[in-house]
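These are the residues of each chain, in order.
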Amino acid sequence: MKLESTAKSTNVWDYKPKWCQPWSIIITGISLIAGSWLVVRLFWLTIAISLGIVAWWIYFLILYPQAFANYVASQSVNSSE
């Protein structure tokens, strides 16, 4: 009989260091957007940088964690067969 659980967490943030957590990704993005406006004061450049950062947020804060959770869940199903 097993006493320990072999289930792995499906939360990707459990495996990331403190500097690579959602709060740090959001703060970095906001800082880059604000910094671009404060330095160059060009609306079009700030918008372009903002679009890139929003794409980065969508990938790292939404898509990647979902894909990771699906992968871990599929591995646990495969290993239990």
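Our structure is the block above this text.
Below is a summary of the structure that appears in this document. Everything numeric in this text was worked out from a predicted model, so none of it was measured. (Residues numbered from 1 in each chain as written. Predicted model: local features only at pLDDT ≥ 70, side-chain atom pairs only at ≥ 80, totals over all residues. Heavy atoms only, no water.)

With that out of the way, let us pick up the nonpolar core. Counting seven residues, the largest nonpolar core consists of Val12, Trp13, Ile25, Ile53, Trp57, Phe68 and Val72. In contact with valine 12, other than residues within four places in its own chain, are Tyr64, Pro65 and Phe68. (Core = buried A, V, L, I, M, F, W, Y, C linked by side-chain atoms within 4.5 Å. Buried < 20%, exposed > 50% of the residue type's maximum accessible area, 1.4 Å probe, protein only. Contact = heavy atoms within 4.5 Å.)

Let's shift gears to the packing of aromatic side chains. Counting across every chain of the model gives five aromatic pairs. Three or more aromatic residues link up through ring pairs in this structure, and these residues are Tyr15, Tyr59, Phe60, Tyr64 and Phe68. (Phe/Tyr/Trp six-rings, centres within 6.5 Å; stacked < 30°, edge-to-face > 60°.)

Before going further, it helps to examine a nonpolar patch on the surface. On the surface, Trp37, Leu38, Val39, Val40, Leu42, Phe43, Trp44, Ile47 and Leu51 cluster together into a nonpolar patch covering about 970 Å² of accessible area. Elements with a contribution of two residues or more to the nonpolar patch: helix H1 (22-40) and helix H2 (43-80). Given the relative accessible area of 35%, leucine 42 is considered partly exposed. (Patch = residues over 30% accessible without salt bridge, like charges linked within 9 Å, V, L, I, M, F, W, Y side chains within 5 Å. Areas by Shrake-Rupley, 256 points an atom, 1.4 Å probe, with all protein chains shown as cover. Salt bridge = Lys/Arg side-chain N within 4 Å of Asp/Glu carboxyl O. Helix = DSSP H or I, 4+ residues; strand = E, 2+ residues; numbered from the N terminus.)

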